[in-house]
Amino acid sequence: MTEIKRLFDFPYYQLENHPLEVALSTKYSNSWNSISTKEYIDKANSVSRGLLRLGVKPAEKIAVISSSNRNEWNVLDIGVLQIGAQNVPVYPTISEDDYEYVLNHSEAVYCFVSDAEVLKKLNAIKAGTKLKEVYSFDQIEGCKNWKEVLELGEDKKNQDEVEKLKKSVTEDDLATLIYTSGTTGKPKGVMLSHKNIVSDVLNSAKRVPFETGSYTALSFLPVCHIFERMILYLYQYYSVSIYFAESIDKISDNLKEVKPHVITAVPRLLEKVYDKIIAKGNSLEGVKRKLFYWAVETGLEYEPYGANGWWYETKLKIARKLIFSKWKEGLGGNIDLIVSGSAALQPRLTRIFAAAGIPVMEGYGLTETSPVIAVNDQRNKGFKIGTVGRVIDTVEVKIAEDGEILTKGPNLMMGYYKDEEKTKEAINAEGYFHTGDIGELDEDGFLKITDRKKEMFKTSGGKYVAPQIIENTMKQSRFIEQIMVVGEGEKMPAALIQPNFDFIKDWARLKKIELGDSNEDIVNNTEVIERIQEEVSFYNEKFGHWEQIKRFELTPEVWGIDNDQLTPTMKLKRRNIKERYIDLYNKIYQH
């Protein structure tokens, strides 16, 4: 029996316990290409043999830059890890300078890319790196294809060497370097061992109500991020068939084709799904519209475990039958679970999706903790709205005097690569990691995150402001796509707001308001400004006087990863946003 100690043990465990016909599946030119558990392992072994013939040695680094999740990524991952080498995933969307920094800092010897766009960025800086060769998953003229590595490994004569190297890899060995996208400064290389990630997978698995071998998943969050990667190992552990979505744009189609039982999501995506559903409801008329909004209001009052009593549960049954069943259909019809991470989820979304029979289990963690620290679980009263669940087994959490969440356990990173100083800053003498998040543990052991320590600021009147809570509350408005609360050292809190341009165009059409052609026209339209002011005033009521947004300015640009205003996990790059809109900031404070 395979005992899972190293990451490459997962597919072997699957093969022994519940092999699948469809272990991994990717869509190429309109048809799904699936590989079985056995093919997955056979291909990984070919990769291992091919890499050895290329001269790759244990502890060498292989970089992977893929703009989509696909079979090749996972096959390569296992093939690299089996020979004691390390996989260094790189975010495809970071700048060329960051590509160069990560490749040089990690000393990667080979790099695998997904497509021509990534290759173009890589070629621009390749000469300044130590890369011996670049291979591509897609067929690209002038670039070696990854199939050449598979072909090199077709001859099984050196399989004995692969087996020997596999045996020599221990759970304490470094498995991967993950460079955190960082809202400031250069990316840090987080060193995660096999044990770090394996322990996190096995302890998180206890919180997931999967039946081995009977589930299908659709994967679309970037696998270069530890959240989705850890989930992929967890799927393999439970013999879940994994389908990889073509792209964010095609998720809707892929959900209907694959009909998954489980997906992972980030709050921003769930907000967009909800906004789309509400927009559809807005287009209804008469009784249908009334019924739709009655169901939504019912859903927004949801409490788990029948806490609202029998009359509410009766209404919920009707709402599910008449309205919410259609929401579920839109997600393929089989969704039993959505796991959410990476940022705080608005409680109203947790309520409405749970009411619709699409439970979203929110969890919490960081790259440095492999990543899960805590996660909700619908079973055994393990689900509490507004929290990130209870802390998983073998992981410890304590709250420091200033409210910071400290944690330690087998999932805690080995440290930052080539950076002892930053490692010592992050992990104290008792071995606790400083998460940088502020939170509290309630009487039932549920963890609640309230803010980022570094993002809290003081106004000139000496009052503390926690921006994330205000931002997450304000983003409930369908008029507001992104918002950043500012005001450190200033007399009052204010905000830079990126409006939801699509929604505002629909709203203006209904209200017969002339907006003009450009985003610039929209943000300068007095009726738009007044309407957003109404939204801000409404949500301000939830906060103390010193926390309320007194003024705001609208930005004409969409904040994105490409223009360096959001990290790849959709967090605000506060410094960049402030610098970009310094004129608007100065206008607010009349500097």
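Residues numbered from 1 in each chain as written. Predicted model: local features only at pLDDT ≥ 70, side-chain atom pairs only at ≥ 80, totals over all residues. Heavy atoms only, no water.

Participant: Got a sec to walk through the packing of helix H1 (residues 9-17) against helix H9 (residues 226-237)? Specific residues and values, please.
Facilitator: Axis separation between H1 and H9 bottoms out at 8 Å; the angle between their running directions is 20°. Here H9 runs roughly parallel to H1, going by the angle between their axes. The two elements H1 and H9 meet at a crossing, and its hand is left-handed. For the pair formed by H1 and H9, the contact residues are Phe10, Pro11, Tyr13 and Gln14 on the first element and Tyr233, Tyr235, Gln236 and Tyr237 on the second. Class assignment of the residues belonging to the contact of H1 with H9 gives a composition of six nonpolar, two polar and no charged. (Axes fitted to C-alpha atoms, helices over the stretch in contact; angles between N-to-C directions. Helix = DSSP H or I, 4+ residues; strand = E, 2+ residues; numbered from the N terminus. Parallel < 35°, antiparallel > 145°, perpendicular 65-115°, else oblique. Left-handed = near helix turned anticlockwise from the far one by under 90°. Contact = heavy atoms within 4.5 Å. Nonpolar A, V, L, I, M, F, W, Y, C, P; charged D, E, K, R; others polar.)

Participant: Now, about the pattern of salt bridges: what can you tell me, with residues and values included?
Facilitator: For side chains bearing opposite charge, pairing can occur when the charged atoms are close. By the definition in use, this model includes 33 salt bridges. We note a salt bridge from Glu471 to Arg574, for which the minimum N-O separation is 2.9 Å. With Glu471 in helix H16 (residues 467-474) and Arg574 in helix H20 (residues 574-580), this residue pair connects regions lying 103 residues apart in the sequence. Accessibility expressed as a relative area gives 18% for Arg574, which makes it buried. In this structure, Asp506 and Arg509 form a salt bridge, with 3.0 Å as the shortest nitrogen-oxygen distance. Of this pair, Asp506 and Arg509 both sit in helix H17 (residues 501-511), three residues apart, which is roughly one turn of the helix. Each of the salt bridges in this network shares a partner with another, and the network as a whole consists of Lys27, Glu246, Lys250 and Glu257. (Salt bridge = Lys/Arg side-chain N within 4 Å of Asp/Glu carboxyl O. Buried < 20%, exposed > 50% of the residue type's maximum accessible area, 1.4 Å probe, protein only.)

Participant: Can you break down the state of the cysteines residue by residue, with the values?
Facilitator: In this structure the tally under the stated criterion is zero disulfides. Of the cysteine sulfurs around Cys224, a residue in no disulfide, the closest is that of Cys111, at 12 Å. According to the relative accessible area criterion, Cys224 is buried, its value standing at 4%. (Disulfide = S-S within 2.5 Å.)

Participant: Can you break down the packing of aromatic side chains residue by residue, with the values?
Facilitator: Under the counting rule described, the total for this entry stands at 21 aromatic pairs. The interplanar angle of 20° and the centroid separation of 5.4 Å between the aromatic rings of Phe112 and Tyr135 together place this pair among those described as stacked. Of this pair, Phe112 sits in strand S5 (residues 108-113) while Tyr135 sits in strand S6 (residues 133-136), placing them 23 residues apart in sequence. Here Phe112 matches Tyr135 in class, with each residue buried. With a centroid separation of 5.1 Å and 85° between ring planes, the pair formed by Phe292 and Tyr293 is classed as edge-to-face. (Phe/Tyr/Trp six-rings, centres within 6.5 Å; stacked < 30°, edge-to-face > 60°.)

Fair warning: the whole summary comes from geometry, so function is off the table for now.
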